[in-house]
Every structure is written in structure tokens, then in C-alpha cells.
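Residue-level structure breakdown
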Amino acid sequence: MPFKDWKIWFKMLPLSLKWFVLLILIRPIADLLYFLKEVSPVLSPLYLIGILTPLIIMVSYLSSRFPKKFPSFLTDISFKLWAFIVVLNLILLLISQNKDLGLIGDIIKYINPIFIFVYLRHFIRDKKDLHGILQAFYYSASIPAFLLLYEVIFNPINVEYLSEGRGGGARMQGGYADIMNYAIYINAALLIKFYFYLRSFYIKRIGSISSLVGLGVVTVICFMGLVSIKQTSSWMVAMALGLLFVTFIVRRLQGFVLVIVLLPVIAYFAITTYTTRIEPLVEKEYEVLEGEAEIDRSFNGRMTRWRKYSNIWLDMPLVNNLIGVGSSDDENVPVMIGGGMHSDIVRMLFLGGVVGLLFYLLFLTSTLRSLRYMQLPERFIVLGVLGSILLYSVSTTPLLYAPFIYFAFPVLSYAALPKPLLAPHG
């Protein structure tokens with residue numbers, strides 16, 4: 001929507017919803033101040049946001065203008081069962097670890113996604129709400145974008161040097177704690193731009209030169225970002241989003257012709273990018289597949305960690321295998337459910353057990369049932385978000401990054417709306 005319309009939408013929101021949009025807008029700035037936690041937790045904006053978010057959500061429910069949610073049986077029941085298992089494990093963890101107050105900060109981080117999704121099920125009531133939040137996130141992405149352009153053009157702010165086993169060279173991470181902050185905004189901005197371009201292409205039936213140029217500019221900036229951060233998982237997500245976009249745009253003759261015309265350029269950049277940027281990052285994976293390297297070297301060496309803690313998990317009682325490790329007094333439990341696992345799939349397996357992981361995957365995939373009621377652009381962004389979650393979850397922990405949740409969960413909340421609100425109507 002035009003900025004003027006977005007401002008009108010924002011002003012019409014009650015305070016119980018408006019604060020969340022403001023949070024999305026300021027989050028990239030707050031993330032730049034992560035280092036203040038070394039001075040004092042009281043001074044850290046991230047700690048304050050983490051603590052205040054669930055509290056403000058609970059207060060929002062008290063507002064007379066806070067909207068009611070539209071029920072969705074499969075999504076709601078699978079989410080509630082997964083959330084119950086997670087919360088139960090976190091409570092048991094705090095008890096079993098002798099009420100270690102140091103765990104409270106981590107527990108708040110693990111439980112925040114649950115609060116935010118419950119809240120967004122009330123917030124997202126139609127397509128306009130979805131567009132408003134996506135546009136707010138897109139605006140917020142301009143901050144890391146300008147930061148990235150500054151690093152590329154003028155001077156790197158913070159550089160991490162990679163070993164030869166990880167592809168070699170240096171990668172930029174700006175003023176953020178790690179490169180996932182850049183990665184989330186890069187791929188989220190790319191997906192949002194693809195989505196809004198598809199809406200223009202299909203719904204408004206215009207494929208203007210200006211909109212195509214805008215798409216090209218955003219794609220180039222995102223490409224520069226991916227080159228700079230040198231993260232394999234982000235390259236995989238970006239390529240998947242690009243392929244998904246092509247499969248959707250070729251469904252119209254104009255899109256098919258456009259892809260055919262640009263095919264030589266696309267093929268050249270795809271091959272060049274793969275051989276010069278991606279292949280050095282995944283070369284060791286090929287060595288593992290070909291038997292030239294130990295399996296523990298796969299996934300950037302993460303397999304060593306996964307196998308170690310999986311063996312610990314398998315040695316635990318059956319109840320911990322089925323519904324989570326929270327009741328175990330094993331000293332490794334806090335590590336097993338934290339970001340150190342470098343995989344949300346593995347982390348969810350330990351945190352909720354086999355049952356919890358199945359409910360989590362059912363919650364994610366339950367949103368697919370609504371695809372048949374949507375227009376093509378909405379199908380695209382739902383599939384793009386689900387794909388991003390699952391691909392990132394293999395070797396990273398996207399649910400531990402608040403900006404990822406701010407972007408992905410509104411789309412899942414939209415997909416949980418009833419059929420009449422999803423049916424095509426402009």
C-alpha cells in the first residue's frame with residue numbers, strides 16, 4: 001500500500017496494537033545496542049524488550065479495543081499442544097536446575113514466540129493488517145540496508161574472518177551481535193518485495209518499468225548483502241525464494257516472456273554466484289557425501305555437536321525422549337535447548353521431545369490447508385515463510401531471533417484466518 005495509506009492504517013490502530021508496529025520499526029536500532037548488556041542488564045534495550053513484550057501483550061488483552069481472534073481448529077490445537085509442552089518443560093527446567101535465576105532470561109527468550117503468535121492471531125484479521133505489518137518490517141529493514149551499503153562502499157564496521165574450512169575470507173556483520181541479524185532482514189526484505197511485486201503483477205495487472213526497476217534494486221542490494229555475510233543457510237533460503245518467485249511469475253504470459261528474456265542474465269549470475277560464492281562454503285559438504293571427510297564435519301561441523309547431545313538425550317528416560325528434557329537434572333539440558341544447538345529442529349526435539357516436535361511441525365504445516373482459498377501472491381508468501389522457517393531451522397535457530405518472528409508469524413497468522421477472509425477480493 002502507498003505510504004499515505006499505511007499511515008492511515010497505523011493511525012487507526014488502537015494502542016493495544018500500535019505498540020507492536022512501533023516495536024518492529026525500532027527493533028533494528030535496539031539490536032545495534034546489544035553491547036550495553038556488558039555494562040548492565042538494566043541498560044540493555046534487548047533485555048528490556050524481552051521482558052516487556054509478554055507483559056505488554058497481557059496488558060493489551062485488557063483493552064476494550066483489543067480485537068477477538070478468528071478460530072482455526074487445526075492450527076490452534078496443534079499450536080496450543082506444542083506451546084503447552086514447551087511451557088511445561090521450561091517450568092520443570094527451572095525447578096530441576098535448582099531455580100537458577102540465570103535461566104530466567106533464556107526462558108523468556110524461549111517463551112516469547114508463543115506470546116507473540118497468540119497476540120498476532122488477534123492482530124491479523126484481514127489482508128490489510130498483513131500488509132501493514134509487512135510494510136512496517138520492510139521500512140525497518142532500511143536501517144540494516146543502509147548500514148550494509150556503508151560497509152560495502154566505505155568501511156567495514158565489524159569483520160569476522162572465516163577459516164579455510166568454512167570457505168575462507170571475511171564476512172561483515174555490522175554493529176550487530178552476529179550475521180543472522182543481517183541475514184533475516186536481507187531475505188525477509190527480498191521475500192516481501194517479491195510478494196508486493198506479485199500483487200502488482202497479478203492483482204492490479206500492471207507490470208510497470210518502475211516496479212520492475214524497484215524489484216531489481218532491492219534484489220541487487222540483497223545480493224550484495226548475501227555476498228558480504230557469507231552464510232550458507234541464507235544463500236539456500238535466498239535461492240529457494242528466487243526459484244519460488246520464478247515458478248509463480250511464469251504463470252502469466254508476461255512473466256514467462258520476462259523470464260525467458262532475462263534467462264541468459266539469470267543463468268550467468270546463478271552459475272557465477274554458485275562457483276565463486278556458494279561452492280567454497282559447501283565444498284566440505286561434498287567431501288562428506290563423497291566419503292572424503294568424516295561425517296562430523298558436515299553442516300559446518302555442527303554434526304559433532306548434534307551427535308554428542310543426541311547421545312545424551314537418548315540415554316535419558318523415555319519420558320524425556322517423548323515430551324522433552326525439562327524434568328531432567330542433567331547439567332547439559334540448558335545447552336541442549338539453547339542457541340548453541342545451531343538447529344531449531346534439534347533444539348525443538350530436545351525441548352519438546354518427539355511429541356512436541358511433531359506438534360510444532362503440524363502447527364507449521366497446518367497453514368497449508370488455506371492455500372487453496374488464497375490468491376497467488378498470498379500463496380507465494382505463505383510458502384516462502386514456511387520454506388524460510390524450515391530451511392533456516394536445519395542449521396540455525398530462527399525462533400530465537402525476534403525480528404524473524406515479527407516477520408514470519410504475521411504471515412502464519414494470516415494463513416490461519418477463515419476461508420471468507422482469504423478468498424480473493426482484491
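Structural notes, computed from the coordinates. This structure is a prediction, so every number in the text was calculated from the model and none was measured.

Further remarks concern the overall build of the protein chain. Across its full length, the protein chain carries 18 helices and two strands. The 426 residues of the protein chain split such that 49% are buried. Residue pairs in contact within the protein chain that sit at least 24 positions apart in sequence constitute 73% of those at least 6 positions apart. Taken as a whole, the protein chain presents about 19700 Å² of accessible surface, with 69% of it coming from carbon and sulfur.

Turning to the pattern of salt bridges, a few remarks are in order. Across all of its chains, the model carries six salt bridges by this definition. Of the charged contacts in the structure, one is a salt bridge between Asp76 and Lys69, with a shortest N-O distance of 3.5 Å. Residue Asp76 is classed as buried on the basis of its relative accessible area, which comes to 8%. Judged by relative accessible area, Lys69 falls into the partly exposed class, the value being 30%. For Arg199, the salt bridge identified is with Glu378, shortest N-O distance 3.0 Å. On the criterion of sequence distance, the pair formed by Arg199 in helix α8 (residues 180–202) and Glu378 in helix α16 (residues 376–395) is long-range, its members being 179 residues apart. One exposure class covers both Arg199 and Glu378, and it is buried. Through salt bridges that share partners, Lys69, Asp76 and Arg121 make up one connected network.

Moving on, we get to helix α1 (residues 3–12). Those residues of α1 not exposed but buried are Trp6, Trp9 and Phe10. When α1 is viewed along its axis, its buried side chains cluster within an angular range of 95° and face the same direction. Opposite the packed face of α1, turned more than 90 degrees from it, sit the exposed residues Lys4, Lys11 and Met12. Elements in contact with the buried residues of α1: α2 (15–32), α5 (103–123) and α6 (127–140).

Rules and cut-offs
Residues numbered from 1 in each chain as written. Predicted model: local features only at pLDDT ≥ 70, side-chain atom pairs only at ≥ 80, totals over all residues. Heavy atoms only, no water. Helix = DSSP H or I, 4+ residues; strand = E, 2+ residues; numbered from the N terminus. Buried < 20%, exposed > 50% of the residue type's maximum accessible area, 1.4 Å probe, protein only. Contact = heavy atoms within 4.5 Å. Areas by Shrake-Rupley, 256 points an atom, 1.4 Å probe, with all protein chains shown as cover. Salt bridge = Lys/Arg side-chain N within 4 Å of Asp/Glu carboxyl O. Arc of directions from axis to C-beta.

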